[in-house]
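A look at the structure
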Amino acid sequence: MEPFHPLCEAAQPCELTPGELHHPLMRRLARLSADAAVWIPDLFSAVKEQRSGGMINLALAYQRAHQCPLPVAVTLAIERINRTIREFQELRAEIEPSLSPSGVGYVEGMAGWIRGCYYWSRTVPRYADAAGPLAG
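A brief structural summary. Treat the numbers as computed from the prediction; the structure is a model and nothing was measured.

The rules behind the values
Residues numbered from 1 in each chain as written. Predicted model: local features only at pLDDT ≥ 70, side-chain atom pairs only at ≥ 80, totals over all residues. Heavy atoms only, no water. Helix = DSSP H or I, 4+ residues; strand = E, 2+ residues; numbered from the N terminus. Buried < 20%, exposed > 50% of the residue type's maximum accessible area, 1.4 Å probe, protein only. Contact = heavy atoms within 4.5 Å. Expected span 1.5 Å × (residues − 1). Core = buried A, V, L, I, M, F, W, Y, C linked by side-chain atoms within 4.5 Å. Salt bridge = Lys/Arg side-chain N within 4 Å of Asp/Glu carboxyl O.

To continue, consider the overall build of the chain. Within the chain, the regular secondary structure consists of six helices and zero strands. Mapped in sequence order, the helices and strands of the chain form the string α-α-α-α-α-α. Per-residue burial over the chain gives 41% buried out of 136 residues. For the chain, contacts bridging at least 24 residues in sequence account for 66% of all contacts bridging at least 6.

Along an α-helix, residues three or four positions apart point the same way, because every turn accommodates 3.6 residues. In this model, helix α5 (residues 70-95) (26 residues) spans 37 Å end to end at C-alpha, consistent with the 38 Å of a helix rising 1.5 Å per residue. Those residues of α5 that sit buried are L70, A73, V74, A77, I81, T84, F88, L91 and I95. For α5, the elements touching its buried residues are α3 (24-52), α4 (58-66) and α6 (101-123).

Bringing the nonpolar core into the picture now. The biggest cluster of nonpolar side chains holds 31 residues, and the ones touching the most others in it are M26, L29, L70, F88, V107 and M110. Residue assignment for this core shows that the elements contributing at least two residues are α3, α4, α5 and α6.

Our focus in this paragraph is unusual backbone geometry. In this model, Q67 sits at a positive phi of 45°, which is unusual for a non-glycine residue. The topology assignment puts Q67 in the loop between α4 and α5. You can call Q67 exposed: its relative accessible area is 74%.

A separate point is the pattern of salt bridges. The tally for this structure, following the rule as stated, stands at three salt bridges. Across the pair E96 and R92 runs a salt bridge whose closest N-O atoms are separated by 3.0 Å. When its relative accessible area of 22% is taken as the criterion, R92 is described as partly exposed.

Within the fold, L43 resides in helix α3. What makes L43 partly exposed here is its relative accessible area of 22%. With 38 residues separating them in the primary sequence, L43 and I81 have C-alpha atoms 9.8 Å apart. With sequence-adjacent residues up to four places away left out, L43 is seen in contact with V74, A77, I78 and I81.

Keep in mind these values describe shape, not function.
Now the structure itself:
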């Protein structure tokens, strides 16, 4: 899932150059931000998804793959998300000095998307009923 690109680019004062947009580091940043943004809500929805038999959830995928209790699987998912965010931060620091103001804004938008998904997941009523203890 990569809905970020057109909206973020449209929000910049001018277009990114093709060199910026298609730069290998920029493409990797886009992939990392999409992964983190999609996986973070999985942490908050794992209990609800488990109860409903959900299949599309990073924590539940770890649970199935490792045949472990859900709390362990959530910890594995958190570690994966943290590695993804660390890589995003490292690549961002590497590419930012060479970016135009629009390129910097584009990358800031990706970081904002990750943050927004985290805050949304913490506050959305959709997961409120799953706030109980994690099942095994």
